[in-house]
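Overview (structure and organization)
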Amino acid sequence: MSSFHIKPILLILVLLLSMTGCGAPVFENNSDVMARQAMFDLMKAQEAYRAEHGKYTTELGQLKKYDLEYHTGIVYLEIPSAGKSEYRAISLPSESSTARVFVYDTGKGGFYEADEVEVANYVLGALNFIRGEKEKQRTNILFAAILLGTLAIMGLRFAFNYNGKENNGVLTSYFFSLLPLGWAVAALNHLNNDIVFSQKIMTFSIAAIIASIVCLFLTSLWMRNKKLLTIPAPVLGLAGCTLFISIVSAGVVIYTLYKYYPL
């Protein structure tokens, strides 16, 4: 692979694997976001209360005057213990579908998200169901990773066999078309009506649509500037695959966004 460098391809493969499995930092349930924000608000209120009274409190009602407001029907907030210089508080959705629990504990360094062992103490009846749903999602992610990996390996075979100045354009477009495909697969796996439409989701979605359009344009331009009869059939097939992937990726992202976040 003399004229087609391997390092950019490896970077793309890493990005693809991270896309299919990307979770909480990008795709977050609305109730989880509210629960985390409630904890942040409680932390500020506790500091204000301590500054005035010289201690922390276990009573949420005493923190209302310090702008602690949250939706009690969606978020469960509790302060199990508090003293002069330390306190422990937990926050989670009242009906959790993700088994995420947010904790503030001065004895453990402050704010953190509970691990699976600690979660079991707070998410009780629904925990087994949530674990089952997560297992299904992990299975979907595995199949998606296998699909993308297969496409990437196929591209590598073409890159080894047909690399050269005359084919580098379509090879580059093919590998870059896998990036928006990876985001499209991730969106299908994670997006639903309960997921917050964050700035990250908007940015990645717009980037995926633009990348698909660019790959469409570059591949079409490459085919236009070539005599189709002189192009090796496998390379022509790869170009067609790139066009198909780009159209499907853009279509899936647009459809998914319109389905869950209509204007």
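Residues numbered from 1 in each chain as written. Predicted model: local features only at pLDDT ≥ 70, side-chain atom pairs only at ≥ 80, totals over all residues. Heavy atoms only, no water.

The subject of this paragraph is a nonpolar patch on the surface. A cluster of nonpolar side chains, contributed by Ile206, Ile210, Val214, Phe217, Leu218 and Leu221, occupies part of the molecular surface with about 530 Å² of accessible area. Turning to its location among the elements, Ile210 is positioned in helix H6 (residues 199–224). (Patch = residues over 30% accessible without salt bridge, like charges linked within 9 Å, V, L, I, M, F, W, Y side chains within 5 Å. Areas by Shrake-Rupley, 256 points an atom, 1.4 Å probe, with all protein chains shown as cover. Salt bridge = Lys/Arg side-chain N within 4 Å of Asp/Glu carboxyl O. Helix = DSSP H or I, 4+ residues; strand = E, 2+ residues; numbered from the N terminus.)

Another point: the nonpolar core. Counting 20 residues, the largest nonpolar core has Tyr174, Leu178 and Leu181 as its most contacted members. Of all the secondary-structure elements, those providing two or more residues to this core are helix H4 (127–162), helix H5 (168–190) and helix H7 (233–260). Of all hydrophobic cores here, the second largest spans 15 residues; its members include Leu42, Leu68, Ile79 and Ala89. (Core = buried A, V, L, I, M, F, W, Y, C linked by side-chain atoms within 4.5 Å. Buried < 20%, exposed > 50% of the residue type's maximum accessible area, 1.4 Å probe, protein only.)

Two elements in contact, H6 and H7, have axes separated by 9 Å at closest approach and are oriented at 155 degrees. On the basis of their axis angle, the class for H6 and H7 is roughly antiparallel. Every pair of crossing elements has a handedness; the one defined by H6 and H7 is left-handed. Across the interface between the two elements, Ile201, Ser205, Ala208, Ile209, Ser212, Cys215, Leu216, Thr219, Ser220, Trp222 and Met223 of H6 pack against Val235, Leu236, Ala239, Thr242, Leu243, Ser246, Ile247, Ser249, Ala250, Val253, Ile254 and Leu257 of H7. Looking at side-chain class alone, the contact of H6 with H7 contains 16 nonpolar, seven polar and no charged residues. (Axes fitted to C-alpha atoms, helices over the stretch in contact; angles between N-to-C directions. Parallel < 35°, antiparallel > 145°, perpendicular 65-115°, else oblique. Left-handed = near helix turned anticlockwise from the far one by under 90°. Contact = heavy atoms within 4.5 Å. Nonpolar A, V, L, I, M, F, W, Y, C, P; charged D, E, K, R; others polar.)

Taken in spatial order, the four strands make up an open sheet running S1-S2-S3-S4, and their pairing is antiparallel. Single-partner strands in this sheet number two, and they are strand S1 (75–82) and strand S4 (110–113). Between one strand and the next, the sheet's axes are offset by a mean angle of 15 degrees, whatever the strand orientation. As judged from the six bridges shared by S1 and strand S2 (residues 87–93), these two strands associate in the antiparallel manner. For Ala82, the partnering residue across the bridge sits in S2 and is Tyr87. Against the sheet, helix H2 (residues 30–53) contacts S1, S2, strand S3 (102–105) and S4, and its axis sits at roughly 155 degrees relative to S2. (Pairing = 2+ DSSP bridges.)

This part covers H7. With 28 residues, H7 extends 40 Å from end C-alpha to end C-alpha; this agrees with the ideal 40 Å at 1.5 Å per step. The elements touched by buried residues of H7 are H4, H5 and H6. (Expected span 1.5 Å × (residues − 1).)

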